[in-house]
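# Understanding the architecture of this molecule
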Number of protein chains: 2
Amino acid sequence: MARLVLKFGGTSVADIARIRNVARHVKREVDAGHEVAVVVSAMSGKTNELVGWCRDASALHDAREYDAVVASGEQVTAGLLAITLQDMGINARSWQGWQIPIRTDTAHGAARIQEIEGSDLIRRFADGQVAVIAGFQGLAPDNRIATLGRGGSDTSAVAIAAAIKADRCDIYTDVDGVYTTDPRVEPKARRMNRISFEEMLEMASLGAKVLQVRSVELAMVHKVRTFVRSSFEDPDAPGMGDFDNPPGTLICDEDDIVEQQVVTGIAYAKDEAQISLRRVEDQPGVAAAIFGPLADAGVNVDMIVQSISEDGTRTDMTFTVPASDLGKATALLDKAKGQMRYDAIQSEAGLTKVSVIGIGMRSHTGVAATAFKALAQRGINIRAITTSEIKISILIDGEFSELAVRTLHSVYGLDKG
Amino acid sequence: MARLVLKFGGTSVADIARIRNVARHVKREVDAGHEVAVVVSAMSGKTNELVGWCRDASALHDAREYDAVVASGEQVTAGLLAITLQDMGINARSWQGWQIPIRTDTAHGAARIQEIEGSDLIRRFADGQVAVIAGFQGLAPDNRIATLGRGGSDTSAVAIAAAIKADRCDIYTDVDGVYTTDPRVEPKARRMNRISFEEMLEMASLGAKVLQVRSVELAMVHKVRTFVRSSFEDPDAPGMGDFDNPPGTLICDEDDIVEQQVVTGIAYAKDEAQISLRRVEDQPGVAAAIFGPLADAGVNVDMIVQSISEDGTRTDMTFTVPASDLGKATALLDKAKGQMRYDAIQSEAGLTKVSVIGIGMRSHTGVAATAFKALAQRGINIRAITTSEIKISILIDGEFSELAVRTLHSVYGLDKG
């Protein structure tokens, strides 16, 4: 007997038929003797509808009211799943964030979980009751509903798993695990059996939208064994109830990964834009003068490359922003040209950032050189490079996105089983 | 300055444009210096959608889960109206039943309000804040949401008005008041300026679906001055902000009605069915033997007529039920024929109950005779009659419904201004 948290996203609970399918997954684990808490998102499309109404009511809406409106989506799904489980003869009840309570900070609309009172849930497990918990929401100190930001139900699930000391947290989604790269780009992409928290963080933040970044951080901190698996497979297919190795990808501590690969995955983010400031005065404080105002305006600056100054007085500064922020960023830089003291501004959209990720890079050399050589052989020009301990990111022209992903996937042997 | 509760039903908040119109009604009262609490229903259609999902999930659904699901409709509207009011520069916040709290009993799905903690609302009025309250819901002793049953938002509004000692409770709906009869049947029907609680109770329970019966009972007990008025009129039209006589119908204590009419209104209920049990044994306990099982089965028995026994041993028992309950009722009676000991059962659907209502009947004689004579002159056969202090109800064939309503409306002079 173990204690499990199962989380189901919006596409998995999109209608009553799918909710019934979710209930069968829950039933399988209950029948196996496990204690089960379920975390649900809103039916797919619901949150967008509710957010749209808030926007229609006022462009600048009160985040506390937004939270009350938007949290209703998960409230509905939790109730419906509890009813469906009861209909299957399972003792179940729904919980809203304020009932448990899941206490958050005051940052309405993007709150962080502070504390979860799990004792009542645990007491009811002993009575054989399944807890069906509305994800994405909690109770702020002002006694009002707070939501955790988009994708927050993943974070709810991991936080609840930590609070009730669950043996496993299963994130059921519309894919059956984490792949070595996007299978739509590279059909030879393989599902990983295991990936470390650190690698998953890089994958998640780079556009492999399987799991919300914060949920991975939380799982890492609390060492929650988290599986990514599919809700669309037959709940009673062979192996689905395998406790140690259910079908899917385990996100775990790197120590739990016996055979470490040097490179485990290739991620990419399209629609990047590059901005270059030419002949910026090369003196202390210049970076702060440029990036401070951009940060204040909410522009998400990513790769930053500062070229070596030729004569010790002037330098070129190049960085990337999401293409959607390009107009705002250049307008801001144009306006502040006087203080920033640069000669010219150049920008280009339609770029892609491709990233090579692997914990093994820490102990292996030559990983970056392999990537550069492989891309060069395909005639792909590299515009910028940034690296971290376990990641190499390369900025290229968008038209080469798929070619670059497939090239890198192949050169590191990821397409071989 | 006064303290007002304004209640808006589902058609009044059906979309963002209508919510904005509601906000203008609120703004008018706020601008006049009043303290305002607003009670809202779910957007029209939403509650039916949510109820449908619960039914699809399970025919026999847990009322506590049903409540969690269905209460979300009002939660959404309350948040959206608060946002809209803020957008107009009005200090407003939403309240859910559990936040105030509005305490109910344990009867999930059809709970009754036990207590409302109004002190926080009143304190915030002093700060100029408008309270936007989700109707139809409260917090049960088990710390879970309880709903008040269909139309419960009217009851919420009146109960809140009583709790915060409001000077007036305005029920905004899609009609502009209470009429002497249904204007779709009799175009000469007139809007009443005032109607007593007792009369309104009879009107409400007889199919004039303007106000929920329980809300009228509550208003009567707590002497809440309640106006029925239209949300679809221009919020800033002349007279809309008149404190003592806003356009609409005031439901009030009968002492507040100076010029009392003998008859104030004609109500009707279609789709009634009649059941006659022939030659029932005329002995003590026979009525209990018949109506006990029907009540247990949830069949709503209305008019009951027992004929005088011819020979002292047998009698005929005739009563009405809603046509939708006829099959269930006759099946039950058939099954229990042995215990009930009657000779035969006859039934007929497609009947209509027409009622003449007026507090003045208490002190005037001949009201019933006038009705019988007028109907007879039109060739309308009377199947059964029941009377109370302020009401005469007459059962007729359904095909005469409209003719009977118009005839009675005219014979008591209700079509004259």
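These numbers come from a predicted model, not from an experiment.

### As for the overall build of chain A
When helices and strands are counted, chain A shows 13 helices and 18 strands. In terms of overall size, chain A behaves like a compact globule, its C-alpha atoms giving a radius of gyration of 24 Å where 417 residues would be expected to give roughly 22 Å. Taken along its principal axes, the extent of the C-alpha atoms in chain A is 75 × 50 × 30 Å. Counting the 417 residues in chain A, one finds 48% classified as buried. Of the contacts formed within chain A by residues at least 6 apart in sequence, a portion of 75% connects residues at least 24 apart.

### Some points on the domain arrangement of chain A
Residues and elements named next belong to chain A. Each assigned domain of chain A is listed here: domain 1 (3–254) and domain 2 (265–411). In this structure, domain 1 and domain 2 have C-alpha centres spaced 34 Å apart. In this complex, domain 1 contributes 14 residues to the contact, which on the side of domain 2 involves 15 residues. Looking at which element gives the most residues to the side of domain 1 that touches domain 2, the answer is helix H7 (residues 197–205), with four residues.

### Quick word on the relation of the copies chain B and chain A
To go from the first copy of the chain to the second, apply a rotation about an axis and then a shift along the same axis. Once chain B has been moved 0.1 Å along the axis and rotated by 180°, it coincides with chain A to within an RMSD of 0.1 Å. Between the two chains, the operation in question is that of a two-fold axis. Every residue of chain B has its C-alpha some distance from the rotation axis, and the shortest such distance is that of B:Ser72, at 2.7 Å. Looking at the interface residues of chain B, 97% of them are also at the interface in chain A, so both copies use one shared face.

### Focus: the sheet that holds strand S1 (residues 3–8) of chain A
Residue and element names in this part refer to chain A. Taken together, eight strands build an open sheet; the order of strands is S3-S6-S2-S1-S9-S11-S12-S10 and the sheet is mixed. Here the strands that pair on one side only, and so sit at the sheet edges, are strand S3 (92–95) and strand S10 (194–196). Pairwise comparison of adjacent strand axes, ignoring direction, gives a mean angle of 20° for this sheet. Alignment of strand S9 (residues 168–173) against strand S11 (residues 226–230), held across five bridges, turns out to be parallel. If you follow aspartate 170 over to S11, its bridge partner there is phenylalanine 227. Where helix H4 (residues 72–87) meets the sheet, it contacts strand S2 (35–40), S3 and strand S6 (130–134), and its direction lies at approximately 160° from that of S6.

### Section: the environment of A:Lys46
Residues and elements named next belong to chain A. Along the chain, the position of lysine 46 falls in helix H2 (residues 46–57). Overall, the presence of 19 C-beta atoms within 10 Å leaves lysine 46 in the partly exposed class. For the pair formed by lysine 46 and threonine 407, sequence separation is 361 residues and the distance between their alpha carbons is 39 Å.

### Things to note about the sheet that holds strand S13 (residues 265–281) of chain B
Residues and elements named next belong to chain B. Read from one edge of the open sheet, six strands run S14-S15-S13-S16-S18-S17, paired in antiparallel fashion. A single partner strand is all that each edge strand has here, and the edge strands are strand S14 (304–306) and strand S17 (384–388). In this sheet, adjacent strand axes meet at a mean angle of 25° when their direction is disregarded. Bridge count for strand S16 (residues 344–357) against strand S18 (residues 391–397) is seven bridges, and the pairing is antiparallel. When the sheet's bridge partners are listed, threonine 352 is paired in S18 with isoleucine 396. Along the sheet, helix H10 (residues 326–335) makes contact with S13, strand S15 (314–322) and S16, crossing S16 at roughly 135°. Docked against the sheet, helix H13 (residues 401–411) engages S13, S16 and S18, running at close to 115° with respect to S13.

### With respect to the interface of chain B and chain A
Taken together, the contacts link 29 residues of chain B with 28 residues of chain A. Counting only elements with at least two residues in the side of chain B that touches chain A, the list comes to helix H1 (16–31), helix H2 (46–57), helix H3 (63–70) and helix H4 (72–87) of chain B. Examining the composition of the side of chain B that touches chain A, we find that 11 residues originate from one element, H4(B), more than from any other. Among the residues forming the side of chain B that touches chain A, the class breakdown is 14 nonpolar, 11 polar and four charged.

### Here's the deal with the pairing of S17(B)
All names here are of chain B. Both S17 and S18 contribute to a ladder of five bridges, which runs antiparallel. The residue of S18 that forms the bridge with serine 388 is lysine 391. What sits between the antiparallel neighbours S17 and S18 is a turn of two residues.

### A short note on the nonpolar core
Membership of the largest hydrophobic core comes to 246 residues, with the highest contact counts inside it found for A:Val38, A:Leu81, A:Val132, B:Val38, B:Leu81 and B:Val132. Those residues in contact with A:Leu81 that sit more than four places away from it in its chain are A:Val13, A:Ile19, A:Val22, A:Ala23, A:Val38, A:Val40 and A:Val132.

Each value, and the rule that gives it
Residues numbered from 1 in each chain as written. Chains lettered and ligands numbered in written order. Predicted model: local features only at pLDDT ≥ 70, side-chain atom pairs only at ≥ 80, totals over all residues. Helix = DSSP H or I, 4+ residues; strand = E, 2+ residues; numbered from the N terminus. Rg over C-alpha atoms; globule rule 2.2 N^0.38 Å. Buried ≥ 20, exposed ≤ 12 C-beta atoms within 10 Å, placed from the backbone. Contact = placed C-beta atoms within 7 Å. Domains from an automatic or database assignment. Least-squares fit on C-alpha atoms with pLDDT ≥ 70 in both. Pairing = 2+ DSSP bridges. Axes fitted to C-alpha atoms, helices over the stretch in contact; angles between N-to-C directions. Nonpolar A, V, L, I, M, F, W, Y, C, P; charged D, E, K, R; others polar. Core = buried A, V, L, I, M, F, W, Y, C linked by C-beta atoms within 7 Å.

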